[in-house]
Structures are given as C-alpha cells and as structure tokens.
Amino acid sequence: MIGVIARKEIRTLFDSPLAWIILAIFQVILAWIFLARLDAFLGVQARLQQLLNPPGVTEWIAAPLFSAAMMIFLMIIPLFTMRLVAEEVRNQTLTLLISAPISSSTIVLGKFLGLMTFLFCAMLLVLLMPLTLLLGGKLDFGLLASNFLGLLLASASFSALGLYVSSLTRYPFLAAAGGVGALLGLWAISFGTGKAGNVFHLVSPSAHFDNFNQGLINTGDIAYFLLFTFLFLTLSIWRLDRLK
Amino acid sequence: MMSDTSLLLQARGLHLCYGCHVAVENVSLELKRGEVLGLLGPNGAGKSSTMRMITGNIRPDSGKVSLCGIDLYDKPLQAKARLGYLPEVPPLYREMRVDDYLRFAAKLHGAKEIETAKQKCGLKEVGRRLIGSLSKGYQQRLGIAQAIVHDPEIVVLDEPTSGLDPNQIREIRALIREIGNSRGVILSTHILSEVESICDRVEILNHGKQVYSGKIEAKKGFIEAGFRNPPSIEEISGIEGIDKVEIGPGGLFLVHPRDGFDPTDTLIRFAQERNWGLQRINPASLEAFFAELTKEAP
C-alpha cells in the first residue's frame, strides 16, 4: 500500500513542469560548478604533482560538487515537499486517503518514499558527472561513496522536515518558505559557535555532512541523519492523525 | 464474517464542537442493508459534519460509530474497508487522468477493476481526459465512481447530484437506488424531491440536532389549505377527524388528520357552507413539513 502512494507521488512529480524546471536548473548549476572545478584542477595539476601528498581529482572536484549539491538540495527540497500534504488539505483531496483503509503512517511513508525515489534519480545525475572523469583518470571510489551516502542521508532528513512543515499549513508556499527557513536556520546554527563538538554543531546538519564530504563515515553522523528523519516522519504521522 | 447482519451502520450520540460552536449534537443514525437513508437539512445544519464523522474524517467529541459491527474508532482500517465516501467537494487530483485516478482509488481499497464503476457513472468516453479539464458534471460523476469503485457495503454521498443537469440527476438517482437495493446508502441533500424520489427513510437535521427521523410517507398524511377569509384555528380543529392545526408558511393552514381519517371532504364542505373562500387544498408537500421542522425558534 505504501508503494501505491509512492508510485502516485512519483507520477505527480514527473507530470509537473515545476519538478522538471527545478531539476534542470539544479543540473545546470552543478554542471557549471563541475566544469569550473575541472578547469581549476587542470590549471594547477602540474604544480600539484610536486607536492608530497597531493589532493586527488575526487577530492578536488567531486567533494565540492557534492557539497554544492547538498546546499542546493537544502533549498529545493522544500519546493518538492510543499505540496505533499498542504496541497492535499487545500484541495480537499486528503479525504480520499483518510477515508481509505490505510493508516497515517502508510500515507506519510508512501509520500516520503515517492519523493526520495525522485531525489535519488537527481542524485544519480550528480554522480554521473564525476564518473565521466574515469575516461581520463582514476577516482577515489571510497570518497565518492561517502559523499553519495552523505547526500542521500541529508536529503532524507530534509525531505522529512519538509513533509512535516507541509502538514502544518494548508498553503503550499507557506510550507516551502517554512521548510527553507527551518533548514537554513539549522544549517547556519553552527556558524561562529567556536569549536566542533558543542551543542550547535550536534544539531546542525552541515557539521555532520562535512564529515561525509571529507570521506569520514561515522556511525554518529549516520545516526544523526536517521534520527532526524525518523523524528520528523513521526511528527508528520502524528500531525496527520490530528487532522482527522 | 458479519455479512449476515442487516445493520450496516450504527452511530450513537454523536457530538461535535468547532471551538465553542456546537456543530452536531446528539445525533444517532442507523442504516440497514437495502436502504437509502436521506440526511436532510438547511445549510449549516450539520449534515456534512455528521457524514465526516461516520466516515472517520473527523473524530466526534463523543459518540460511537460502528460499520458492519466494527467500531470505526477502535479498528479504523477494517471499518473503512466497508466504506465508500463522496465528500461535499469531490477529492479529485486535477492533474491526473480519469483512468489513472480511478485505478489509484481502487488500489487504495485493495481493488483492481474500474470498468464497472466507469460504466455505471457514464465515464466510458472520458477515460483518457485530464480531470482538471472535465466539466463540473463529469467531475461529480467521477467523485461518485471513486466512492463505489471498490463495491463497498456502505456508500456515503454528500450532495451527490450537485452540479448535474436534470438528465444526469435522473441517471445518478437511478444508480443510487440500484446501489441501495443490495447495499446501504446514506446521502445528504437539500433538494426535497430527491429525498421523496429515492430515500426510504429520512433524518432531518436543524442546528446540529435531529428534528425528525422516520419514513417520509408517514408525514405525507397532512393537508395544506389556504382560504380568502381564514377562519380561526379553533374552528378548523373542531372538525371531526382533525387532530391539530397549525399556520404554516405563507399563511397556509397545516391540518394534521387523526389516524385513519381523511378530512378533506369535510373541510371542503365546511369552507363552502361557512364562506371561508377556499383557495387551495392539497396533501401537504414535504416542503411544508420541512419548513415547519426547520423554522427558527421564535
């Protein structure tokens, strides 16, 4: 039953021009960053050779690319999540789901997995760019995997938060603004708070993503994103139960 | 299975408040198999709220609902599996195609087949169209199709004929009657002729309270009469076979006969003899009855 709802969400996303436009802009910006980093790398490649332990091509190009993708995801995921519940409440289509013999958790998980499938496709497109470098060199697949995992976990937590915000209002644009605001706030909360390890660093997704970005896979960071996702999915389920 | 029981839906003592405004107060309903129950009332009487409660869309502040003997609030998923619901605003995704939408609605209820519902609701020729581009009439019919696509035991329809033209209304009424013969239907409306033509029983709501509940025929016995020189109420109620007389809407007299009596002939004779100037006399319409029940308290 989760699959039925997820498939419907995927179809709705691929049917809507908004999703395609956002994906296209996303891809153009990342391609630009990719090419700019590649250009810079080719410029300094000769000098890097002289270093004792030079940064590799993956570190020089792929890591910044994934870091940029995370930032863009932070801003565009609320644009995808805004409709998930708010629009259904506004158009009174949520009645169809609530009157059907399915639970709130099925509805929430279906919508979440539908969006995650869509975002996963977008992430594969990001991954394709550094993979083209295999034509002319070698890649650090460990670092690439850690970045990909980090982006996947970050987007899951952003989607869960966006989904929850969407269930709080009947106005999709309010949901988008609230989602971007909350995510930017969480991202910025670790700025200027001194050394790593204080409470602000613990709650901010940026600090946890940075570890993945550098190739460090910590259980702590994985647990952070999983808990974040779990918390907001649970809150969404509660919220949906209250809407009845 | 509970399919042998004839009681499909039972609601007891439903109460609902929005903030400090009481929307529904102590409403109880029963629906048997093979029955079409009409919920009648002026706008804002609590019809839609009542329907949302019995379909599990809002929780009442107190009261119990059971569908086919299954408690709606204890075992919502099992109870809702017996239910098809068309809300006041049909829950349609405008960007979906008719066939895709119906297939989605069917799958949500664990059903697959959509052709029967499409055919019954006259949607055969619009299967590939986008829902947003359909006329209001087609959207309403799609809303009904969505409610019956999984062939539920209980069908709850909130103003099913709104936005339809007279021919479509006739078709949909026939369809509702057909569903009502083997299943149970609850429909709400403020069109009185609709109730007269398809409902077996009626519940009249006013200001969230049940003001009448029972068969429609039982209320058709009384007589409406208008005079140029109206006599006093006492003069009419003195006539043999008359139980009670009231002044109805437009200054008409509403005459309640005693059981088993038909005082029409006597009334006409008296009117002639005493020169009341009889203008009209007819069996009272449901309209008069409805107006009397739902009039504002003085």
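Residues numbered from 1 in each chain as written. Chains lettered and ligands numbered in written order. Predicted model: local features only at pLDDT ≥ 70, side-chain atom pairs only at ≥ 80, totals over all residues.

### A few points about the interface of chain B and chain A
At the interface, 22 residues of chain B touch 16 residues of chain A. At the level of elements, α2 (76-80), β6 (83-86) and α3 (98-108) of chain B are the ones that each hand at least two residues to the side of chain B that touches chain A. No other element matches the four residues that α3(B) contributes to the side of chain B that touches chain A. Across the side of chain B that touches chain A, the residue classes break down as 13 nonpolar, five polar and four charged. (Contact = placed C-beta atoms within 7 Å. Helix = DSSP H or I, 4+ residues; strand = E, 2+ residues; numbered from the N terminus. Nonpolar A, V, L, I, M, F, W, Y, C, P; charged D, E, K, R; others polar.)

### Observations concerning the environment of A:Ala31
By secondary structure assignment, the location of A:Ala31 is in helix α2 (residues 17-48). Taking C-alpha positions, A:Ala31 is 42 Å from A:Leu243, a pair spaced 212 residues apart along the chain.

### Quick look at the confidence of the model for chain B
All names here are of chain B. Residue-level pLDDT values for chain B average 84, and 94% of them are 70 or greater. Averaged pLDDT values for the elements of chain B fall to 71 in helix α10 (residues 286-293) and rise to 94 in α3. Two summary scores accompany this predicted model of the complex, namely pTM at 0.85 and ipTM at 0.87. (pLDDT = per-residue confidence, 0-100.)

### Some points on the domain arrangement of chain B
All names here are of chain B. Per the domain assignment, the segments making up chain B are domain 1 (7-217) and domain 2 (220-293). Domain 1 and domain 2 are separated by 37 Å when their C-alpha centres are compared. On the domain 2 side, the residues contacting the ten residues of domain 1 number five residues. Elements with a contribution of two residues or more to the side of domain 1 that touches domain 2: α7 (192-198), β9 (201-206) and β10 (209-215). In terms of residue count, the dominant contributor to the side of domain 1 that touches domain 2 is α7 (three residues). Taken together, the residues that form the side of domain 1 that touches domain 2 break down as seven nonpolar, one polar and two charged. (Domains from an automatic or database assignment.)

### With respect to the pairing of β9(B)
Residues and elements named next belong to chain B. The buried count for β9 comes to five of six residues, which makes it a mostly enclosed element. As paired strands, strand β3 (residues 35-40) and β9 are joined by four bridges and run parallel to one another. Counted as the bridge partner of Leu37 is Arg201 from β9. Note: β9 against β10, six bridges, orientation antiparallel. Bridged to Ile204 within β10 is Tyr212. (Buried ≥ 20, exposed ≤ 12 C-beta atoms within 10 Å, placed from the backbone. Pairing = 2+ DSSP bridges.)

### Considerations on the environment of A:Glu9
Residues and elements named next belong to chain A. Summarising the element assignment, Glu9 is placed in helix α1 (residues 2-15). Residues Glu9 and Leu35, spaced 26 residues apart in sequence, show a C-alpha to C-alpha distance of 33 Å. What Glu9 contacts, discounting residues up to four positions off in sequence, is Gly110, Lys111, Gly114 and Leu115.

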